[in-house]
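# Descriptive structure summary
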Protein chains: 4
Amino acid sequence: MTRLTEQAAGVYVIAVTPFLPDGAIDMESCDRMVDFYLDAGASGLTVLGMMGEAPKLTVEESADVVGRILARVRGRVPVVVGVSAPGFAQIEALTNSVMDLGAAAVMVAPPGYLKTDDAIVSYYRQIAELIGDVPFVLQDFPLATNVQIAPKVIAQIVNELPTCVCLKHEDWPGLEKISYLRKEGVLDRRISILCGNGGLFLPEEMARGANGAMTGFAYPEMMIDVVRLSREGNAERARDLFDAYLPLARYELQPGLGLAVRKYTLAKRGIIAHDTLRKPGAQLSGEARLEVDLLIKRQEKRLKELN
Amino acid sequence: MTRLTEQAAGVYVIAVTPFLPDGAIDMESCDRMVDFYLDAGASGLTVLGMMGEAPKLTVEESADVVGRILARVRGRVPVVVGVSAPGFAQIEALTNSVMDLGAAAVMVAPPGYLKTDDAIVSYYRQIAELIGDVPFVLQDFPLATNVQIAPKVIAQIVNELPTCVCLKHEDWPGLEKISYLRKEGVLDRRISILCGNGGLFLPEEMARGANGAMTGFAYPEMMIDVVRLSREGNAERARDLFDAYLPLARYELQPGLGLAVRKYTLAKRGIIAHDTLRKPGAQLSGEARLEVDLLIKRQEKRLKELN
Amino acid sequence: MTRLTEQAAGVYVIAVTPFLPDGAIDMESCDRMVDFYLDAGASGLTVLGMMGEAPKLTVEESADVVGRILARVRGRVPVVVGVSAPGFAQIEALTNSVMDLGAAAVMVAPPGYLKTDDAIVSYYRQIAELIGDVPFVLQDFPLATNVQIAPKVIAQIVNELPTCVCLKHEDWPGLEKISYLRKEGVLDRRISILCGNGGLFLPEEMARGANGAMTGFAYPEMMIDVVRLSREGNAERARDLFDAYLPLARYELQPGLGLAVRKYTLAKRGIIAHDTLRKPGAQLSGEARLEVDLLIKRQEKRLKELN
Amino acid sequence: MTRLTEQAAGVYVIAVTPFLPDGAIDMESCDRMVDFYLDAGASGLTVLGMMGEAPKLTVEESADVVGRILARVRGRVPVVVGVSAPGFAQIEALTNSVMDLGAAAVMVAPPGYLKTDDAIVSYYRQIAELIGDVPFVLQDFPLATNVQIAPKVIAQIVNELPTCVCLKHEDWPGLEKISYLRKEGVLDRRISILCGNGGLFLPEEMARGANGAMTGFAYPEMMIDVVRLSREGNAERARDLFDAYLPLARYELQPGLGLAVRKYTLAKRGIIAHDTLRKPGAQLSGEARLEVDLLIKRQEKRLKELN
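Each value, and the rule that gives it
- All residue numbers refer to positions counted from 1 along the written sequence of the respective chain.
- Labels follow written order: the first chain is A, the first ligand is 1, and so on.
- Restriction of local features to residues with pLDDT of at least 70 applies here, the model being predicted, together with a cutoff of 80 or more for giving and counting side-chain atom pairs; totals for whole chains, interfaces and linings are based on all residues.
- Side-chain metrics rest on all non-hydrogen atoms present in the structure, leaving aside hydrogens and water.
- Every helix listed is a DSSP run of H or I at least four residues long, and every strand listed is a run of E at least two residues long, numbered separately from the N terminus.
- What the globule rule says is 2.2 Å times the number of residues to the power 0.38, and the radius of gyration is computed from C-alpha atoms.
- For every residue, the accessible area (1.4 Å probe, protein chains only) is compared with the maximum for its type, and the residue is labelled buried under 20%, exposed over 50%, or partly exposed between those bounds.
- In short, Shrake-Rupley with a 1.4 Å probe defines the accessible areas, and a residue's cover is counted only from the protein chains shown.
- By the convention used here, residues are in contact when the closest approach between their heavy atoms is within 4.5 Å.
- Using a 1.4 Å probe, buried area is obtained as the accessible area two parts lose upon being combined, added over both of them.
- We count a salt bridge whenever a side-chain nitrogen from Lys or Arg sits within 4 Å of a carboxyl oxygen from Asp or Glu.
- Counted as a polar contact is a pair of N or O atoms within 3.5 Å, where, for protein atoms, one must be capable of donating a hydrogen and the other of accepting one, and residues adjacent in sequence contribute only when both atoms are in side chains.
- Three categories are distinguished: nonpolar for Ala, Val, Leu, Ile, Met, Phe, Trp, Tyr, Cys and Pro, charged for Asp, Glu, Lys and Arg, and polar for the others, with Gly belonging to the last.
- As a rule, the C-alpha atoms of each element are fitted with a line to give its axis, helices using only the stretch in contact, and angles between N-to-C directions run from 0 to 180 degrees.
- Roughly parallel means an angle under 35 degrees; roughly antiparallel, over 145; roughly perpendicular, 65 to 115; everything else is oblique.
- Here a crossing is called left-handed whenever its near helix is offset anticlockwise from the far helix by less than a right angle, and right-handed whenever the offset is clockwise.
- Superposing copies: least-squares fit, C-alpha atoms only, residues required to have pLDDT of at least 70 in both.
- The aromatic pairing rule takes the rings of Phe, Tyr and Trp, using the six-membered ring of Trp, and pairs them if the centres are within 6.5 Å, calling planes under 30 degrees apart stacked, those over 60 edge-to-face and the rest tilted.
- Pairing between two strands is assigned when DSSP locates at least 2 bridges connecting them.
- When charges are counted, neither His nor the chain ends are considered; positive counts come from Lys and Arg and negative counts from Asp and Glu.
- Seen with its strands pointing away from the viewer, a crossover is right-handed when the path leading from the first strand over the helix to the second is clockwise.
- Two distance rules govern patches: like charges are joined within 9 Å, and nonpolar side chains (Val, Leu, Ile, Met, Phe, Trp, Tyr) within 5 Å, applied only to residues with over 30% relative accessible area and no salt bridge.
- Where a charge lies is defined by one atom per residue type, namely NZ (Lys), CZ (Arg), CG (Asp) and CD (Glu).

## Notes on the overall build of chain A
In terms of helices and strands, chain A carries 12 helices and eight strands. Computed over the C-alpha atoms, the radius of gyration of chain A is 18 Å, within 12% of the 19 Å expected from 2.2 N^0.38 for a compact globule of 307 residues. Counting only C-alpha atoms and orienting by the principal axes, one finds that chain A spans roughly 50 × 45 × 35 Å. Buried positions account for 64% of the 307 residues belonging to chain A. Of the roughly 10,900 Å² that chain A leaves accessible, carbon and sulfur atoms contribute 51%.

## Looking at the interface of chain B and chain A
Each partner contributes to the interface: chain B provides 30 residues, whereas chain A provides 30 residues. Buried area between chain B and chain A, summed over both chains or domains, comes out near 2,900 Å², and the portion from carbon and sulfur atoms is 55%. Of all residues in chain B, the largest losses of buried area upon contact with chain A belong to B:W172, B:R250 and B:R298, amounting jointly to 23% of the total for that side. Linking chain B with chain A are 14 salt bridges, by the criterion used here. Between chain B and chain A we count 20 residue pairs in polar contact (both at pLDDT 80 or more) in total. Counting residues per element, the side of chain B that touches chain A draws most heavily on helix α10 (residues 235–252) of chain B, which supplies nine residues. In terms of residue class, the side of chain B that touches chain A is built from 15 nonpolar, three polar and 12 charged.

## Concerning the packing of helix α10 (residues 235–252) of chain A against helix α12 (residues 286–306) of chain B
Contact geometry of α10(A) with α12(B) gives a least axis separation of 13 Å together with a crossing angle of 65°. Here α12(B) runs roughly perpendicular to α10(A), going by the angle between their axes. The handedness of the crossing between α10(A) and α12(B) comes out as right-handed. Between α10(A), through A:E236, A:R239, A:D240 and A:D243, and α12(B), the contact on the second element is made entirely by B:L294, B:L295, B:R298 and B:R302.

## Quick word on unusual backbone geometry
Residues and elements named next belong to chain A. Note that the residue after W172, namely P173, is joined by a cis bond; omega there is 5°. Structurally, P173 can be placed in the loop between β6 (164–169) and α7 (175–182). Cis geometry is adopted by the peptide bond preceding P280, which originates at K279 and carries an omega value of -10°. One non-glycine residue, L48, lies in positive phi territory at about 60°. With respect to the helices and strands, the residue L48 is situated in the loop between β2 (44–47) and α2 (59–73).

## A word on the interface of chain A and chain C
Tallying the contact residues gives 18 residues for chain A and 18 residues for chain C. Here chain A packs against chain C, burying approximately 1,400 Å² in sum over the two surfaces, 66% of which is carbon and sulfur. Put simply, chain A and chain C have zero salt bridges between them. Connecting chain A to chain C are four residue pairs in polar contact (both at pLDDT 80 or more).

## So, the pattern of salt bridges
According to the stated counting rule, one finds 116 salt bridges over all chains in the structure shown. In this structure, A:K152 engages D:D118 in a salt bridge whose closest nitrogen and oxygen atoms are separated by 3.1 Å. Residue A:K152 is found in helix α6 (residues 151–160), and its partner D:D118 is found in helix α4 (residues 117–131); the two belong to separate chains. A:K152 gets classed as partly exposed once you look at its relative accessible area, which sits at 40%. Taking the relative accessible area as the measure of exposure, D:D118 reaches 35% and is therefore partly exposed. Notably, a salt bridge pairs C:R72 with C:D35, separated by 2.6 Å at the nearest N-O pair. In this pair, C:R72 sits in helix α2 (residues 59–73) while C:D35 sits in helix α1 (residues 27–40), placing the two residues 37 residues apart along the sequence. Residue C:R72 is classed as partly exposed on the basis of its relative accessible area, which comes to 30%. Salt bridges here are not isolated pairs; linked through shared partners, they connect A:E236, A:D240, A:D243, B:R298 and B:R302.

## Digging into the relation of the copies chain A and chain C
Rotating chain A by 180° and moving it 0.0 Å along the rotation axis overlays it on chain C with an RMSD of 0.0 Å. Such a turn and shift between the copies fits a two-fold axis. Residue A:V59 of chain A places its C-alpha closer to the rotation axis than any other residue of that unit, at 3.7 Å. Both copies share a contact surface, since 100% of the interface residues of chain A are interface residues in chain C too.

## Things to note about the packing of aromatic side chains
When we look at a pair of aromatic rings, we describe it by the centre distance and by the angle of the planes. All names here are of chain D. Evaluated as defined, the whole model comprises 30 aromatic pairs over all chains. Between F217 and Y245, the ring centres sit 6.3 Å apart and the planes meet at 85°, which makes this aromatic pair edge-to-face. Remark: Y245 occurs in helix α10 (residues 235–252) and F217 occurs in the loop between β8 (212–215) and α9 (220–231); sequence separation between them is 28 residues. Accessibility assignment for this pair places F217 and Y245 in one class, buried.

## A short note on the sheet that holds strand β8 (residues 212–215) of chain A
Residues and elements named next belong to chain A. Strands sit in the order β1-β2-β3-β4-β5-β6-β7-β8 around a closed barrel of eight strands; the barrel is parallel. Taking the axes of each pair of neighbouring strands and ignoring which way they run, one obtains an average angle of 25° across the sheet. Sitting on the sheet, helix α3 (residues 88–101) touches β3 (79–82) and β4 (105–108), and the angle it makes with β4 is about 150°. Its contacts with the sheet place helix α4 (residues 117–131) against β4 and β5 (136–140), and it is angled at close to 155° to β5.

## Focus on the side chain of D:D26
Residues and elements named next belong to chain D. Relative to the elements of secondary structure, D26 occurs in the loop between β1 (10–14) and α1 (27–40). Among buried charged residues, D26 stands out as having no salt bridge; its nearest opposite-charge side chain is R32, 5.2 Å away. Beyond its immediate stretch of four places on either side in the chain, D26 contacts P18, F19, L20, A273 and H274.

## Examining the pairing of β2(A)
Residue and element names in this part refer to chain A. By the alternation rule, side chains of β2 split into G44 and T46 and L45 and V47, which are all buried. Examined bridge by bridge, strand β1 (residues 10–14) and β2 share three bridges and lie parallel to one another. Paired with Y12 across the two strands is G44, which belongs to β2. The parallel pair β1 and β2, bridged by helix α1 (residues 27–40), forms a crossover whose chirality is right-handed. In this structure, β2 lies alongside β3, joined through three bridges in parallel fashion. Bridge assignment links T46 to a residue of β3, and that residue is V80.

## Regarding the environment of C:R262
Residues and elements named next belong to chain C. Turning to its location among the elements, R262 is positioned in helix α11 (residues 258–268). It is 6.4 Å that separates the C-alpha atoms of R262 and E252, two residues lying 10 residues apart in sequence. Leave out the neighbours within four places in its chain, and R262 touches V16, G216, F217, A218 and E252. Reaching out from R262, the side chain makes a polar contact with the side chain of E252 at a distance of 2.5 Å.

## Some thoughts on helix α6 (residues 151–160) of chain B
Because an α-helix completes one turn every 3.6 residues, residues spaced three or four positions apart along the sequence face the same direction. Of all the positions in α6(B), only B:V153, B:I154, B:A155, B:I157 and B:V158 are classed as buried. Close packing links the buried residues of α6(B) with α4 (117–131), β5 (136–140), β6 (164–169) and α7 (175–181) of chain B.

## A closer look at the relation of the copies chain B and chain A
Turning chain B through 180° and shifting it by 0.0 Å along the axis lays it on chain A, with an RMSD of 0.0 Å. The fraction of interface residues of chain B whose copies in chain A are also interface residues reaches 100%, indicating that both copies meet through the same surface.

## Quick word on the pairing of strand β7 (residues 192–195) of chain D
Residue and element names in this part refer to chain D. What you see with β7 is no split at all: S192 and L194 on one side and I193 and C195 on the other are buried throughout. Here strand β6 (residues 164–169) pairs with β7 via four bridges, running parallel. Its bridge partner lying in β7, L167 is registered against I193. In this structure, β7 lies alongside β8, joined through two bridges in parallel fashion. What sits directly across from L194, in β8, is G212. Each parallel crossover has a hand, and the one from β7 via helix α8 (residues 202–208) to β8 is right-handed.

## Concerning a negative patch on the surface
Side chains of A:E60, A:D64, C:E60 and C:D64 sit close together on the surface and give a patch of like negative charge. Put simply, the parts of the chain that give the negative patch at least two residues each are α2 of chain A together with α2 of chain C. Tracing the backbone shows C:D64 in helix α2. A residue is classified by how much of its surface remains accessible, and C:D64, at 46% relative accessible area, is partly exposed.

In structure tokens:
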């Protein structure tokens, strides 16, 4: 498998983990989901992200899911695997294992106890030394990690550590961070910036210099089209599309509840078989399901009007 | 002035504090802003909210602003004043002072050290005893206060304390909280629920049983129309309007930066004279201003198509 | 192996994980440490606690350490194993595995996203259902978990879930919590209360009704003697001993740094071979080592004067 | 009044605010407390600290307390006044007011939203500009402020801002921070380092290069003697004294409860008339009072043995 590079662009969909109603992993849905993402035009996949249900898998299950997804992808697109863990021993073990299986890169978020600029830089320096020549994605997601990485700290990490090839940008607000990193002279080499937050700021992020998105949304085709249109210079059309999906995207971004919304929608679309969340996990109420149904109905109408 | 009651409904706009370029309070803009909100159909105003710039005013300035706004309102609509403070002495002093000036109610958020159900109930019990017969708004805004108030704790406070007449609902996600509080048998009396978060979930909140909004957005007419249409049973039209404003509303909800966006827009609309924020405060970059300009232009186009 | 019951008392030492200078687990030191703790009079051991270096072990290493310790203990005292994890699948797998190896109970801390009384009760209800008849220790450590468990919530959990046999009490301040739980009529059955925080409040905790300690300190003999003397009614002598060790105990309780102090002292005492901490981990400076040396010297002098 | 300089040394006692049983300020106790602190040998006083009850005073009450204390001190020692506030307008107003009354310096803690090195430096740069030539104390208390200031950030602030004359050092653990700041070449000029945390690490802090303490403890004579003896090179005797007071000092450092312990002890000693805490505030239970009584009795016995 070729490895992730600074040229990574487009949409790297954060894959959900499909479960059967009894909580076991639903490998068939896993396959169907991979096919769906690739058919929709995803440029890559990201698995074992920290905000999904990956932390609820046992180590064996994690390996099984990664293996199954890599097998299904068959090298058609790069697969990034989240390896954040409290200790270096685990990060090293997981990195070795997934790279052997064919992953293209690993993604590392800063642990919550890092509280100063130097502590953050020093952590990534140790990570880079630990994983050797494996390319890594720096995950910048303060709302979840409680670590605020200053723009110039990102620059220092990138400039010092050549294996840092991509920033998963998920600060909120974070637009100025992109502009800063794209300013002449800030980075020694142009790395890939892929944005998060369910795509909720994707038009602005693309205009500021992002290369795409690395996040989840039950309609990845929206993100794929917005990124493509933005790169083709068709920003107005990108925004029209974005606006059509925005009411649902907003609804899906509710913290904690969002994953239940996403799985309900993916199941409704027939992409995964069940909307089961593993315990402990938020339940979607009957009223919430009706709200999603209505948002989808109105979304379809708007999309028809657009075409 | 008549006092706030459980019948409070419609939109209570959270007023910004206008400043002159040198940081002094801009009282003329204050007047113009009040006129604008009332002309737009606001059912009430809320001043000295905790997330705005009220904490940056000296005590004398706070009194001046409240006095000026109340003088301009002249009793046409109820004015709610935020009085959250670390100590009861301050809360009592501020409450007495603003009620004398003609406020309709005070709003109290829970201090961040309240960590258990009983601690929260006990705090509001003490507040209610402290302020006597003054009606109060319970501000439930976990993202800012770090206090998570369980739905049944809200019910307990309401059922026990008759002066709690309104919930400023700003949990996120918070839709199930509204549904719970509107269930038969949960509350002994139906209080007012006015929602926050910049109106970003207003259509769903109204459908769940909210009575309106108490929040800020540079286009309060959106919230006013969505609430009115929802109450008239015209939910589809309400959503059409909501969707038209959503791209900007989303942009304005960026934490920290949102107030700068709101002031920039209000100044652009001629409602306040300057978009000055008092130090320390986030600055809006040139790129951000262009993004807002574009969002407004597209919004105007969509609104024209709607009519 | 007999299982942990409500009668658990004395000192359950939280075992450190000894490493070789290269970061590999030092199994020989592991054995020596077990022997030392049991010879000193520990009533039990606790392994894989959340604040030590357990989170830095891979799953295989965790199993190895637990297996080695259980093999060395040979059923002489109960061994409690920490199984806190983000998902139930992991908690279940780890519980099954360690109970098969001969553990006496598991310990479960509340995940940080539990923010209301009911959420906490509901979580432990699900845990109890998940692990069946395995006895568990409720770990109440707000400084580390960010979850504040009200005294009455602990009572509700204990009264409702018969497999909750012990409270690892580590709230700070937490003395009133013990008094509350020991009040007539609060608990349906008297469970074991073992205290944490490095023993820094042990004399008061014993007087309030605790049954002992479950924590770490490089001189577990202090805790063992204080608990024994307190239970024998010799509180003055217990306090004399406690005071003699307090300057070092205070120094060892420094957050983050404490484990380095403990390992340095254990190595200095010849109990473990090296004071290595796995990366990422705090380093003890030369000055800090000298400070510990001095504290130990003065401690020895005071102990001599006591006898 | 002469102003605070980099030569500040000794113990600056953080004054409590004495209240009458009905919650009104007890000005007579205020006077007696000032006399007691100065008679005991305090080198200065600090008022309106952020962790005490100052936040519970109205603005008028704060001015009254500061005025009364300054009047009683009559310039015999420098008085530092805490002026931390959400906005610059308040900080400026309070600074002007207390400097006019005769304060020697103001103390400023970083607001909790500062999350990166540059944000912290920039905040103090603005503060220094705001208050002109008024000397200020940088309050570094991460447990309370949630802001972690890296040692090199302190150095940058000191080196850049000549009016920063003193560090109130209250990081925990924080010993390495002192050593760093005392290393050759780190600071352009030697500022005063006065330590907090109730004096719980005072012997080590003095050995690392601190100039004294700025904190509260119901027996300030302990801190005064420890600092004096340490500076006279009599570290062993300093530690003997420290150890004699440590069991109570440890008890008084309980977060939230500590102030109730301190006031109870000060009242018991006849220094203030009542141990009243203003609402909302923690109550000391009967059991806790007995615990303090016992600790004091044992402390007196140890002190007698020492002499």
